[in-house]
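# Examination of the molecular architecture
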Amino acid sequence: VEFTFCYIPACTDGFLMGDQLGNGYLDEQPVHRVVIPQPFWMLQTPVTQSQFLLWTKTHEYQRDFKQPHRNSQLSATGEALPDHPAENVTWRQANGYCQWLTKRLHEQASYPDGMKLVRLPYEAEWEYACRGGTGTEYWNGDGVSALAQIGWFDSNSNQETQIVGATGKSNPFGLHDMHGNVWEWCQDRWHAEAYRWRWDGITAEETYDLNEQMGDKNESKSEW
């Protein structure tokens, strides 16, 4: 089972975060400039069923979660669809998976003790990576016609998950399926007023810190 990560460059001048067209959700306004001070790496596609099964078959998963993970979409024989995204994943499971993968990497290479190698992206990091330097509704343009070229949604997916990367089109950073197919978890807690607390030039980590302090203690942010 392979993991391919894409390099996401720093953005020290900042990018505009939020609903720039003014026709989305109120919790995505006002638009504000967020700085990404350091480059990072992001998995090229959503985590696949085969990648997720590496963890759910372990003793650690069974000890901590005490029940098997179940994808709703399976093959005709009831087996996992290895190249489809993992689904029905809670935030706690997604976070636990990152911790497990970090542990495995520490076992296989020499890294400073305590270094967190894998985590869920901050909401600002996710949006920056998704936009890929663009300012349109979707990274390839505006409107449903643009979305249909690079994403999966009700009208073109038969309301089922699709093989990751099946559109064959990646955004400018090399990422696939940043629109549609499945929802993706972010590290941040969610709050409807979060964007109104931020200042121009805030960093991605500062947005996360604010959300941790003031966000809903029972909810985290998910993105398309």
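Residues numbered from 1 in each chain as written. Predicted model: local features only at pLDDT ≥ 70, side-chain atom pairs only at ≥ 80, totals over all residues. Heavy atoms only, no water.

The subject of this paragraph is the state of the cysteines. Within the structure shown, the criterion is met by zero disulfides. Take C11: it sits in no disulfide, and the sulfur closest to it among the cysteines is that of C130, at 15 Å. Residue C11 is classed as buried on the basis of its relative accessible area of 16%. Of all cysteine sulfurs in the structure, the one in C186 sits closest to C98, which takes part in no disulfide; the separation is 11 Å. (Disulfide = S-S within 2.5 Å. Buried < 20%, exposed > 50% of the residue type's maximum accessible area, 1.4 Å probe, protein only.)

Another point: the packing of aromatic side chains. This structure, assessed with the given rule, holds eleven aromatic pairs. With centroids separated by 4.9 Å and ring planes inclined at 20°, the aromatic side chains of Y61 and F65 adopt a geometry described as stacked. Of this pair, Y61 and F65 both sit in helix α2 (residues 59–65), four residues apart, which is roughly one turn of that helix. We classify F65 as buried; its relative accessible area is 13%. (Phe/Tyr/Trp six-rings, centres within 6.5 Å; stacked < 30°, edge-to-face > 60°. Helix = DSSP H or I, 4+ residues; strand = E, 2+ residues; numbered from the N terminus.)

Moving on to the side chain of R198. As for its placement among the helices and strands, R198 is situated in the loop between β5 (184–189) and β6 (202–203). Using a relative accessible area of 9% as the deciding quantity, one classes R198 as buried. Among the polar contacts listed, one links the side chain of R198 to the side chain of H32, at a separation of 3.0 Å. Among all residues touching R198, those that are not within four sequence positions of it are M17, H32, E123, T207, L210 and N211. (Polar contact = N/O pair within 3.5 Å; in protein donor to acceptor, adjacent residues only side chain to side chain. Contact = heavy atoms within 4.5 Å.)

Another point: helix α5 (residues 143–150). Counting along an α-helix, one turn takes 3.6 residues, and residues three or four places apart therefore face a common direction. Residues of α5 that are buried: A146, L147 and I150. Looking straight down α5, one finds that the buried residues subtend no more than 100° of arc, so they occupy a single side. Exposed positions of α5 whose direction lies more than 90 degrees from the buried face are V144 and S145. (Arc of directions from axis to C-beta.)

What follows is about the environment of F40. Along the chain, the position of F40 falls in strand β4 (residues 40–43). Residue class for F40 comes out buried when judged on its relative accessible area of 13%. Sequence separation between F40 and L21 is 19 residues, and the spatial gap between their C-alpha atoms is 28 Å. Excluding residues that lie within four positions of it along the chain, F40 makes contacts with C6, Y7, I8, E125, Y128 and A129.

What you see with strand β1 (residues 5–8) is a clean split: C6 and I8 sit on the buried side and F5 and Y7 on the side with no burial. Looking at chain direction, β1 and β4 are connected through four bridges and run antiparallel. What sits directly across from I8, in β4, is F40. (Pairing = 2+ DSSP bridges.)

Our next topic: a nonpolar patch on the surface. A cluster of nonpolar residues, F5, Y7 and W41, forms a patch on the protein surface that exposes about 360 Å² of accessible area. For F5, the location among the structural elements is in strand β1. The class for F5 is partly exposed, based on a relative accessible area of 36%. (Patch = residues over 30% accessible without salt bridge, like charges linked within 9 Å, V, L, I, M, F, W, Y side chains within 5 Å. Areas by Shrake-Rupley, 256 points an atom, 1.4 Å probe, with all protein chains shown as cover. Salt bridge = Lys/Arg side-chain N within 4 Å of Asp/Glu carboxyl O.)

A separate point is the packing of helix α1 (residues 49–56) against helix α3 (residues 91–108). Helix-helix packing is described using two parameters, namely the angle between the two axes and the distance between the axes. Running from N to C, α1 and α3 cross one another at 75°; their axes reach a closest spacing of 10 Å. Judged by the angle between their axes, α1 and α3 are roughly perpendicular. For the pair α1 and α3, the contacting residues are Q51, F52, L54 and W55 in the first and Q93, G96, Y97 and W100 in the second. A per-class count over the contact of α1 with α3 returns five nonpolar, three polar and no charged. (Axes fitted to C-alpha atoms, helices over the stretch in contact; angles between N-to-C directions. Parallel < 35°, antiparallel > 145°, perpendicular 65-115°, else oblique. Nonpolar A, V, L, I, M, F, W, Y, C, P; charged D, E, K, R; others polar.)

A few words on the side chain of N211. Inspection of the secondary structure puts N211 in helix α7 (residues 204–214). Judged by relative accessible area, N211 falls into the buried class, the value being 1%.

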